[in-house]
Amino acid sequence: MNIDVLTLFPEMFGPVVGGSILGRAADKGILNVRTTDIRDFSNDKHNKADDYPFGGGGGMVMMADPIFGAMESVSAGDKKVIYMSPRGRILDQAKIEELSQLDEMVILCGHYEGVDQRVLDYWNAEEISIGDYVLTGGELPAMVLIDAVARMIPDVLGNENSALDESIYSGLLEHPQYTKPREYRGLEVPEVLVSGNHKLIDEWKFRRSLELTMERRPDLLEAYFSRERKYTKGEKKIIEEITKRKL
Ligand code: 4G4
């Protein structure tokens, strides 16, 4: 996948894009992230890229012309264009999976009060938000999106990690995890996990996932139970026991 990032702060991307996981993906040729400095496309004598908003209201707006130049330089007309914005649709794993199928995308990062609307209209940008909070720029959201998309591309994660058997996939939150030592400062690992009884272990994991989801994200349960699934007798008992607790 080739990702173009259009930004006034290209230097922010170095550590993330060159970091261990994404750096290795780049070395393997699986993922290529290229930053383009929007300021390089300013046609103003002071390299200006922002100006006062028409209609007033304070703050500054990123000008159309430098962004159009940057867009043309990466052939954005043939590519999916994404604009990181607090007024976009909120990013979720389904959108990440959809985007991970693409060969190319362009991510535009806004600053100040955002970009001139004509940029978004002309380049048919899809606005995406990483959550209901405001940041100083779209760069961190872009890095969040890139990281989440990258790990869904086959071969980006090593064997040790695997994107597939995670909570968001099953629709439940993930159960707690433990590693060595078995006892740490008097704190024990749940006995069942070291019992070697895989049926009991799976049931424990399922139970803890269901409990956590009920406590923290009951909003996920409707979608979880509306999916076609085969449950073992043990799982059915656990569902019965857990769901009758609070309802
Ligand atoms: C576009 C419009 C994204 C971009 C306004 C970007 C939060 C998110 C920005 C702004 C962002 C998010 C400066 C308000 C840059 N903040 N939730 N800031 N602002 O994904």
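Structure: above.
In short, a report on the structure. (Residues numbered from 1 in each chain as written. Predicted model: local features only at pLDDT ≥ 70, side-chain atom pairs only at ≥ 80, totals over all residues. Heavy atoms only, no water.)

## Remarks on the sheet that holds strand β5 (residues 80–90)
Then step 1. One open sheet accounts for five strands, arranged β2-β1-β6-β5-β7; its pairing is parallel. Taken across any chain shown, the strands that pair with only one partner, and hence form the sheet edges, are β2 (32–37) and β7 (126–129). Strand-to-strand twist in this sheet, taken as the mean axis angle between neighbours without regard to direction, amounts to 35°.
Then step 2. Strand direction decides the pairing type here: strand β1 (residues 2–7) and strand β6 (residues 104–109), joined by five bridges, are parallel. Bridging across to β6, Ile 3 finds its partner in Met 105.
Then step 3. Against the sheet, helix α3 (residues 64–73) makes contact with β1, β2, β5 and β6, and its axis sits at roughly 165° relative to β6, the strand it touches most. (Pairing = 2+ DSSP bridges. Helix = DSSP H or I, 4+ residues; strand = E, 2+ residues; numbered from the N terminus. Axes fitted to C-alpha atoms, helices over the stretch in contact; angles between N-to-C directions. Contact = heavy atoms within 4.5 Å.)

## Side note on the layout of surface pockets
Then step 1. Reported here for the second largest pocket is a volume of approximately 380 Å³.
Then step 2. As for the second largest pocket, its lining consists of 25 residues, of which Tyr 83, Met 84, Ser 85, Pro 86 and Gly 114 are closest to the centre.
Then step 3. Residue assignment for the lining of the second largest pocket shows that the elements contributing at least two residues are β5, α5 (117–122) and β7.
Then step 4. Considering every element that reaches the lining of the second largest pocket, the biggest residue donor is β5, with five residues. (1 Å grid on protein atoms, 1.4 Å probe; cavity = no way out; pocket = protein on both sides within 12 Å on 5 of 7 lines; lining within 4 Å. Points joined across faces, edges and corners; volume = space filled by probe spheres on them.)

## Description of the pairing of β5
Then step 1. Of the pairings in the sheet, the one linking β5 to β6 comprises five bridges and is parallel in character. Paired with Tyr 83 across the bridge in β6 is Leu 108.
Then step 2. For the crossover that starts at β5, traverses helix α4 (residues 93–99) and ends in the parallel β6, the hand is right-handed.
Then step 3. Examined bridge by bridge, β5 and β7 share five bridges and lie parallel to one another. Bridged to Tyr 83 within β7 is Glu 127. (Right-handed = clockwise from strand over helix to strand, strands pointing away.)

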